[in-house]
Amino acid sequence: LLASCAYMPQEIDECSTQSCDLYPVDEEEVPTPILERDNAEYDFELDGWVRWDMPTDDYYDAVSNPEAYTAYDGSEIWKFIHGKICFQEELDTELWKLDFNRAVSGLHSSISAHIVEGMVYADEDAPAVDGTELDPVAEYERRLSPRGQNPGAIADLYYGTMLLMCAVREAKERLGAYDYGLDIMGTSGDAVSELVGELLESSVLSDKKVQQAEDNLREHALARPELIWKARLRTRDLLRIMNCVQCNVCRLHGKVGALGVSVAMQILLGDEGRGSDAGRLHRVEIAALVSTLGKFASALQIVQEMEERRSMAAE
């Protein structure tokens, strides 16, 4: 979390609220097997889909520090992502570029949904980003609603969720056989394996409509397999741009989500659009993939709840 921003000039304008603060867990709370595994699984691929941060002595608890509203304004980061990292040309003829953009938009929508939910439960005196009074319903309308700034935000959230589910299904053998050991919270590997097993047995992973998202993605990618490297280049930048986020909690969850989406694309497309060997997934990749699917699924539930709040407010 201490990496500097390499994409744009920035003044030090860190989030001033306590909700942005993030501290590593005590070293003795990190199980030795996790430290050993993360160091042993160090890998580098020059043209890979993912390039995550290397292990250090600092580990952070994303459960005790959940995604929430912090009053941090990340609009400049998202403007850079959508304007510089996402594809801008030939979206009508090269649909794999549009697929990539939609997956990134889905990540944005997931983050926005958790921010809006955080507004619902924020302190009464919590200010909006612009200093006005918080209005979660109005922010939902602006950020996510089909009537807002991005009419396709919810559709892209669904699309990203389906891609993540397809990636989890493709990695079923690896996820089911993985030795989860102990996590930072002390949860046993058996407990984690049981939860993952329930996910892998979910019928929605094999739903034909969900499968269609993967089929379309590969069909579009195989039309120009020699250009898939351009998407790999962008997923690496998607993770690194999160170093420009000046809210530590936001940066943590942004990195997890960016890595999760990148791992899904890696599994589904591989080097030439036909997919890759999910049996090679490392612990960090597995954690990011499953966690990000959980974030997207939670975001969909938030959307439903906010639609109900909007309907009640309109009555």
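Use the structure listed above.
Residues numbered from 1 in each chain as written. Predicted model: local features only at pLDDT ≥ 70, side-chain atom pairs only at ≥ 80, totals over all residues. Heavy atoms only, no water.

## A look at the pattern of salt bridges
Following the criterion strictly, the structure yields 23 salt bridges and no others. Among the salt bridges present, the one from Asp156 reaches Arg102, with a minimum N-O distance of 2.7 Å. In this pair, Asp156 is assigned in helix H5 (residues 153–170) and Arg102 in helix H3 (residues 95–120), connecting sequence segments 54 residues apart. On the basis of relative accessibility, which here comes to 11%, the residue Asp156 falls in the buried class. Exposure remark for Arg102: the relative accessible area of 26% places this residue in the partly exposed category. Three or more residues are tied together by salt bridges with common partners; here these are Glu90, Glu94, Lys97, Arg224 and Glu226. (Salt bridge = Lys/Arg side-chain N within 4 Å of Asp/Glu carboxyl O. Helix = DSSP H or I, 4+ residues; strand = E, 2+ residues; numbered from the N terminus. Buried < 20%, exposed > 50% of the residue type's maximum accessible area, 1.4 Å probe, protein only.)

## Focus on a negative patch on the surface
A grouping of Asp26, Glu27, Glu28, Glu29, Asp57 and Asp58 is seen on the molecular surface, where their side chains present a negatively charged patch. On the secondary structure map, Glu28 appears in the segment before helix H1 (32–40). (Patch = residues over 30% accessible without salt bridge, like charges linked within 9 Å, V, L, I, M, F, W, Y side chains within 5 Å. Areas by Shrake-Rupley, 256 points an atom, 1.4 Å probe, with all protein chains shown as cover. Lys, Arg positive; Asp, Glu negative; His and termini not counted. Charge placed at Lys NZ, Arg CZ, Asp CG, Glu CD.)

## Observations concerning the layout of surface pockets
As a volume, the second largest pocket reaches approximately 840 Å³. Looking at the lining of the second largest pocket, the elements with two or more residues in it are helix H2 (75–85), H3, helix H4 (136–143) and helix H10 (248–269). Here the lining of the second largest pocket gets 7 residues from one element, more than from any other, and that element is H3. For the lining of the second largest pocket, the class distribution of residues is 17 nonpolar, 12 polar and 9 charged. (1 Å grid on protein atoms, 1.4 Å probe; cavity = no way out; pocket = protein on both sides within 12 Å on 5 of 7 lines; lining within 4 Å. Points joined across faces, edges and corners; volume = space filled by probe spheres on them. Nonpolar A, V, L, I, M, F, W, Y, C, P; charged D, E, K, R; others polar.)

## Considering the state of the cysteines
If you walk through the whole model with that rule in mind, you get 2 disulfides. Residue pairing for Cys5: its cysteine sulfur links by disulfide to Cys244, the two sulfurs lying 2.0 Å apart. Judged by the sign of its S-S torsion, about 75 degrees, the cystine formed by Cys5 and Cys244 is right-handed. Here Cys244 lies in the loop between helix H9 (229–240) and H10 and Cys5 lies in the segment before H1, a separation of 239 residues in the sequence. (Disulfide = S-S within 2.5 Å.)

## Notes on H2
Buried within H2 we find Ile77, Trp78, Phe80, Ile81 and Ile85. Mapping the buried residues of H2 onto a view down its axis gives an arc of 155 degrees, with all of them on the same face. H2 presents Glu76 and Lys79 as exposed residues on the side facing more than 90 degrees away from its buried surface. Buried-residue contacts for H2 involve H3 and H9. (Arc of directions from axis to C-beta. Contact = heavy atoms within 4.5 Å.)

## Here we look at the packing of H3 against helix H8 (residues 208–222)
Two numbers describe how H3 lies on H8: the axes approach to 7 Å, and their chain directions differ by 135 degrees. It follows that H3 is oblique to H8 by the angle criterion. Counting all contacts with H3, which are made through Leu95, Trp96 and Asp99, the residues of H8 involved are Asn216, Leu217, His220 and Ala221. Residue composition of the contact of H3 with H8, grouped by class: 4 nonpolar, 2 polar and 1 charged. (Axes fitted to C-alpha atoms, helices over the stretch in contact; angles between N-to-C directions. Parallel < 35°, antiparallel > 145°, perpendicular 65-115°, else oblique.)

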